[in-house]
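Coordinates in review
Residue strings, one per chain:
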Amino acid sequence: MVAFTVNDAPADVAVDPSKPLLWVLREDLGILGPKYGCGIAQCGACRVLIDGVSTPSCGVPIGSVEGASIVTVEGLADADGNLSVVQRAWIEEQVPQCGFCQPGFLIAVTDLLRRNPDPTDAEIDEAVTNICRCGTYPRIRRAIHRAAALGRA
Amino acid sequence: MPKILSRRTFLLTGAALGGTALVAAVGGVGFLSMVDVDGLQAGAVDGDEATLNAFVVLHSDGSVVVNVPRTEMGQGIHTGLAMVVAEEMDLPFDKRIKVEFPTEAHPAYSAWFNALQVRPEEASGAVVWLGRRVLGQMGFIATGASGSTMGLWHPMRVAGAAARQMLLAAAAERLDVPARDLATRDGVVHHPASGRSLAYGDLAQAAARLPPPDAPALKARSDWRIIGRPQRRVDIPAKVRGEPVFGMDVVLPDMLHASMRHAPVFGAGLVRIRNEAAVRTAPGVVDVAVIDGCHVAVVAASWWQAEEAAWLLDLEWTRTEADGENSETLGARLAAALASDEAYGHIDDGDAAAVLSSGGAVVVEADYRVPFVTHACMETMNATAILRDGAAEVWAPSQNRVTMQAAVGRGMGWAGVSPGEITLHVTMNGGAFGRRSDQDVIAEACFLAARHAGRAVKVMWSREEDIGRGLYRSQAAARLRAALGPDGLPIAYDALVASQSIFNSMGARNMPFTPGPDGDYLMIEGLDKLHYAVGSRRTRSRHVPTHMPIHFWRSNGYSFNTFFTESFIDECAAAAGADPLAYRRAMLRESPRHLAVLDRVAGLAGWGSALAPGRGRGIAIEECYRSVVAQIAEVTVADDGEVRVDRIFCAIDAGLVINPDQVIAQMEGGMLFGTTTALMSEITVQDGAVVETNFHDFQVQRLANAPDVVVAIVESDEPPCGVGEPGIAPTAAAISNAIFAATGRRLRSLPLAVTETTGERRTRTVLRA
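Criteria and thresholds
Residues numbered from 1 in each chain as written. Chains lettered and ligands numbered in written order. Predicted model: local features only at pLDDT ≥ 70, side-chain atom pairs only at ≥ 80, totals over all residues. Helix = DSSP H or I, 4+ residues; strand = E, 2+ residues; numbered from the N terminus. Rg over C-alpha atoms; globule rule 2.2 N^0.38 Å. Buried ≥ 20, exposed ≤ 12 C-beta atoms within 10 Å, placed from the backbone. Contact = placed C-beta atoms within 7 Å. Domains from an automatic or database assignment. Nonpolar A, V, L, I, M, F, W, Y, C, P; charged D, E, K, R; others polar. Pairing = 2+ DSSP bridges. Axes fitted to C-alpha atoms, helices over the stretch in contact; angles between N-to-C directions. Core = buried A, V, L, I, M, F, W, Y, C linked by C-beta atoms within 7 Å. Parallel < 35°, antiparallel > 145°, perpendicular 65-115°, else oblique. Left-handed = near helix turned anticlockwise from the far one by under 90°. Arc of directions from axis to C-beta. pLDDT = per-residue confidence, 0-100. Expected span 1.5 Å × (residues − 1).

In this section: the overall build of chain B. In terms of helices and strands, chain B carries 23 helices and 32 strands. For chain B, the C-alpha radius of gyration of 27 Å lies close to 27 Å, the compact-globule estimate for 769 residues. With respect to the principal axes defined by its C-alpha atoms, chain B has extents near 80 × 70 × 50 Å. Taking all 769 residues of chain B together, the buried fraction comes to 57%. Of the contacts formed within chain B by residues at least 6 apart in sequence, a portion of 77% connects residues at least 24 apart.

Structure (structure tokens):
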């Protein structure tokens, strides 16, 4: 039995401790925002916050998250459903195309702005390594700067 | 999902044909054949749902469901086509509008434009009518060829206008005033003389019971308030909350999950599973199944368990003739094809061969190459199927309902099952790029569903299967020759392209017949260059078969031919000592539309202004999917050969633009897709098998190395043109031409650079020494 919280709700699962967090979220907890994209921590579609830190959940054995606080894209809005500044910026810049990879980007950027509320382009390049095949990168960059501005407002 | 047609009506369509034919014969191409081919003479009311026609469903709270029978795969089509309906209905474009991909295959949803290449607003004549009729009956609902807006914007305008007129008629009856005294605005019918008004939601049920108008009047362009103005996408709010249901997210009670292992060499069969008993005892495993004699599925209670167990499989495959193939042997076939004189002739206008061999003129000749590449959609191939009481139901990200239906029959047929009723659900697509018009994974899911009748089975491919055992854009090569006249401009152009026919390969897998490879227009699109003024022109193609399965890939032939031809035009300009922009302007002197686009992009990029040493600009232009698109890339090449694409400027004449922000988004995405392909992408083959397996060795652009992109839309008098694919076409040539400008080095094969890994998820691209 492994116990942790997901989006502030307590969760406990009795599964093989080597099962990756991604698959526990998707299969055992029905939280489908984090996506499978590569399975080898390359693409970032599965990123979640583990105790605030953006982490590719496909490579995290569930046995290692005992007691941790997990936040997925579904948990970025507040309890009343109000969107986070990152999500608002994503809408204002009309970022997503297919949208499949975006949960991972939203998580990665949420963590980046927590650590660095006003990142430079170089700092963005350093921090955000997710893959988007539709080519939304220019809008993602703009949206990160916009989210930083919204965060200051 | 609203039911547009009852089952009974659906079965009656054959009988209704005579009646509709009569309407068409009498009325020509009128409303009925445009929107409701099979004659929904009246709308339908089902509880709170008032169906006004195949595209518009109204609810009493004023919300509107717009049926958009095209796959949303990121291109924003659900928004663009809903805007058209909202415009004609006089609805505000807000939360009241919901878009659904209809489950039923109404004939009005058919993508007959894609097949017939006749715009609905210009359609006439018996042949076109018959073609749309047949394609409508077979449920040819497909999303591709950048054709969704071109094919549906007019029918959906008519549908919106018809709905508005029915609402007006219902209001006139209710208020007992002539309809001509009424006006509509923001979802409300007003009677200005009395100040009375009625909301659409209150009129919906009455309107749905009225006959549709024969020829509803369309709004004048000057009255448009939505079309042509940027609107926010209807799907984005859900996408930032992680809510959309992609195929991968379909969950059904008690479902099984399967992971696949396909033959490493395409065409190999399975000899045996050496350790089947052991794999069957792995945790969670329910079944190990051989599909169609050549693929192995591991079925388990969880996909993770299925995938873990699949890694344990010890499989023996049959030997094939392709076992000795590798990238060099496959590439040699292209070279041999270029050296041979055997080819399929497409255009032979003038006497290009004679002019080229006559001596006297300066002749420019060059060979170009591109490798195999793959789609690498972020959502790997997947499908969910269930067989219940002889009826099949399937959920999948898919671009084509016809091949989807065929795959259900094929997959269940492998299990000896012929399903009665088939229900298909098209989910959100996590990227598609042409890949999802092949339904290999749907057939696999259906086989397994038939084998485990009563239980839903979801098949999902691992990324390794997706990249290494998938479908590919063909390798291609071209030999281009031009004779330059005294002014340096080409007087003869001779082009030969060697590649594997897409239709031949995809047809063999997906169609009831296999199209012959010769004359496949997808192989030569982008080769003819009809917009360039040239006295003599010859274009030819040569089908070079390999064992690799070839498929549609965003922009198809343009993805290589435009790289070939627009690099070559640059070489001609260099041979003539001319500026690449001025040279193209001279060749396009009779094409004002192209000149406008060229001039716009040149202005955007500041063509001609000085750049620092090691930097260069390159230009390329293409006409495709009825759009004209030009791009200028700016690159920096470091002393050690590292190449960075700094910026790409793009101008497009896409005709009438419905949602400008989404045209811009498609150009941005196309340029990024094109940049990845130009610099990085390559599928290589060793011992008959694909070498690349995942994103660590099939590299794609990431944020850190993505260029800035700047897009301008050129005003146009044309009707809407395609935008999903044009953004890719010029990119590789623009980048290659920029590298030439920066370094003097002419690169004639893709990828232009080698990708070096510099750290975790970090790469740089370096020109080959």
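It is worth spelling out the overall build of chain A at this point. Secondary structure assignment for chain A yields 5 helices and 5 strands. Compactness check: chain A gives a C-alpha radius of gyration of 15 Å against a globular reference of 15 Å for 153 residues, within 12% of the reference. Each principal axis of the C-alpha distribution contributes one length, and for chain A these read about 40 × 30 × 25 Å. Long-range pairs, those at least 24 residues apart, make up 62% of the contacts in chain A with a sequence separation of at least 6.

With that out of the way, let us pick up the interface of chain A and chain B. In this assembly, 48 residues from chain A lie in contact with 47 residues from chain B. At the level of elements, α1 (21-28), α2 (85-92), α3 (102-115), α4 (121-127) and α5 (137-152) of chain A are the ones that each hand at least two residues to the side of chain A that touches chain B. The element best represented in the side of chain A that touches chain B is α5 of chain A, accounting for 4 residues.

Buried accessible area, meaning the area lost when the parts come together, often serves as the stated size of an interface. Residues and elements named next belong to chain A. Domain annotation for chain A reports domain 1 (2-75) and domain 2 (85-152). Using C-alpha coordinates to define each centre, domain 1 is positioned 21 Å away from domain 2. At the junction of the two partners, domain 1 supplies 15 residues and domain 2 supplies 13 residues. For the side of domain 1 that touches domain 2, the secondary structure elements donating two or more residues are β3 (47-50) and β4 (53-56). For the side of domain 1 that touches domain 2, the leading source of residues is β3, giving 3 residues. Looking at the side of domain 1 that touches domain 2 residue by residue, the classes come out as 8 nonpolar, 5 polar and 2 charged.

Turning our eyes to something else, we now look at the sheet that holds strand β26 (residues 627-637) of chain B. In any sheet, the strands associate via hydrogen bonds between backbone groups, in a parallel or an antiparallel arrangement. Residues and elements named next belong to chain B. The 4 strands are arranged β25-β26-β27-β30 in an open sheet whose pairing can be described as mixed. The outermost strands of the open sheet, each flanked by one partner alone, are β25 (615-624) and β30 (708-713). Each strand axis lies, on average, 15° off the axis of its neighbour in the sheet, ignoring direction. Across 10 bridges, the pairing between β26 and strand β27 (residues 643-653) is antiparallel. Residue Val637 lies in a different strand from β27, and its bridge partner there is Val643. Strand contacts of helix α21 (residues 592-605): β25, β26, β27 and β30, with the helix running at about 140° to β27, the strand carrying the most contacts. Strand contacts of helix α23 (residues 731-743): β25, β26 and β27, with the helix running at about 155° to β25, the strand carrying the most contacts.

Residues and elements named next belong to chain B. Strand order in the open sheet formed by 3 strands is β6-β7-β8, with antiparallel pairing between adjacent strands. Looking at which strands have only one partner, the edges of the open sheet turn out to be β6 (183-185) and β8 (196-199). For this sheet the average axis-to-axis angle between neighbouring strands, irrespective of direction, equals 25°. Where β6 and strand β7 (residues 188-191) come together, 3 bridges link them in antiparallel fashion. Looking at the pairing, Thr184 lines up with Val189 of β7. In the packing of helix α7 (residues 148-175) onto the sheet, contacts are made with β6, β7 and β8, and the angle to β7 comes to roughly 45°. The sheet contacts of helix α8 (residues 200-208) involve β7 and β8, and relative to β8 the element is tilted by about 70°.

Within the largest apolar cluster, 288 residues are counted, with the highest numbers of intra-cluster contacts made by Val85, Val394, Ile442, Cys446 and Cys650 of chain B. Other than its neighbours up to four places away in sequence, Val85 of chain B contacts Phe55, Val56, Val66, Met156, Ala159 and Gly160 of chain B.

Moving on, we come to the packing of helix α22 (residues 660-679) of chain B against α23 of chain B. Residue and element names in this part refer to chain B. Two numbers describe how α22 lies on α23: the axes approach to 8 Å, and their chain directions differ by 55°. Of the possible angle classes, the one that applies to α22 and α23 is oblique. For the crossing formed where α22 meets α23, the hand is right-handed. Seen from α22, the contacting residues are Met671, Gly674, Thr675, Thr677 and Ala678; seen from α23, they are Thr731, Ala732, Ile735 and Ser736. Broken down by class, the residue content of the contact of α22 with α23 amounts to 4 nonpolar, 5 polar and no charged.

With that settled, consider the environment of Ala738 of chain B. Residues and elements named next belong to chain B. Relative to the helices and strands, Ala738 is located in helix α23. For Ala738, a count of 29 C-beta atoms within 10 Å gives the class buried. Taking the C-alpha atoms as reference points, Ala738 and Asp292, separated by 446 residues in sequence, lie 49 Å from one another. Setting aside chain neighbours within four positions, we find Ala738 in contact with Gly616, Arg617, Gly618, Ala633, Glu634 and Val635.

Residue and element names in this part refer to chain B. Structurally, chain B comprises domain 1 (7-241), domain 2 (249-319 + 381-460) and domain 3 (327-373 + 472-767). Here the C-alpha centre of domain 2 lies 37 Å away from the C-alpha centre of domain 1. Tallying the contact residues gives 14 residues for domain 1 and 14 residues for domain 2. Here the residues of the side of domain 1 that touches domain 2 are counted per class, giving 7 nonpolar, 6 polar and 1 charged.

On to α2 of chain A, then. Among all positions in α2 of chain A, only Val86, Gln87, Ala89 and Trp90 of chain A are buried. Looking straight down α2 of chain A, one finds its buried side chains confined to an arc of 160°; they lie on one side. Buried residues belonging to α2 of chain A abut α3 and α5 of chain A together with α9 (236-241) of chain B. With its phi angle positive at about 50°, Gln94 of chain A sits one or two positions after the end of α2 of chain A.

Turning our eyes to something else, we now look at the confidence of the model for chain B. Residue and element names in this part refer to chain B. In this model, chain B carries an average pLDDT of 93, and 95% of its residues clear a pLDDT of 70 or more. Predicted confidence is poor over residues 1-41, with pLDDT under 50, and the contacts of this stretch with residues over four places away or in other chains come to 68 contacts. Interface confidence for the predicted complex, given as ipTM, is 0.99, next to a pTM of 0.95.

Moving on, we come to α22 of chain B. For α22 of chain B, spanning 20 residues, the distance from its first C-alpha to its last is 29 Å, which sits close to the expected 28 Å at 1.5 Å a residue. Within α22 of chain B, 18 of the 20 residues are buried, which leaves it mostly tucked inside the rest of the structure.

Okay, the pairing of β7 of chain B next. Residue and element names in this part refer to chain B. In textbook terms, the turn of a hairpin is the stretch between consecutive antiparallel strands, and for β6 and β7 this stretch comprises 2 residues, one of which, Asp186, has a positive phi near 50°. Sheet analysis places β7 next to β8, joined by 4 bridges and oriented antiparallel. What sits directly across from His191, in β8, is Arg196. Hairpin connection from β7 to β8: 4 residues lie between these consecutive antiparallel strands, with Gly195 at a positive phi of about 80°.

Attention shifts here to the pairing of strand β31 (residues 753-759) of chain B. Residue and element names in this part refer to chain B. Across 6 bridges, the pairing between β31 and strand β32 (residues 762-767) is antiparallel. Note on β32: the bridge partner recorded for Val754 is Val766. From the end of β31 to the start of β32, which pair antiparallel, there are 2 residues, and Arg761 there has a positive phi angle of about 55°.

Glancing now at the environment of Phe55 of chain B. Residues and elements named next belong to chain B. Examined against the element boundaries, Phe55 turns out to sit in the loop between β2 (49-53) and β3 (56-58). The buried category is assigned to Phe55, around which 30 C-beta atoms lie within 10 Å. With 105 residues separating them along the chain, Phe55 and Gly160 place their C-alpha atoms 7.9 Å apart. Look past the residues within four positions of Phe55 in its chain and what remains in contact with it is Val66, Asn67, Val85, Met156 and Ala159.

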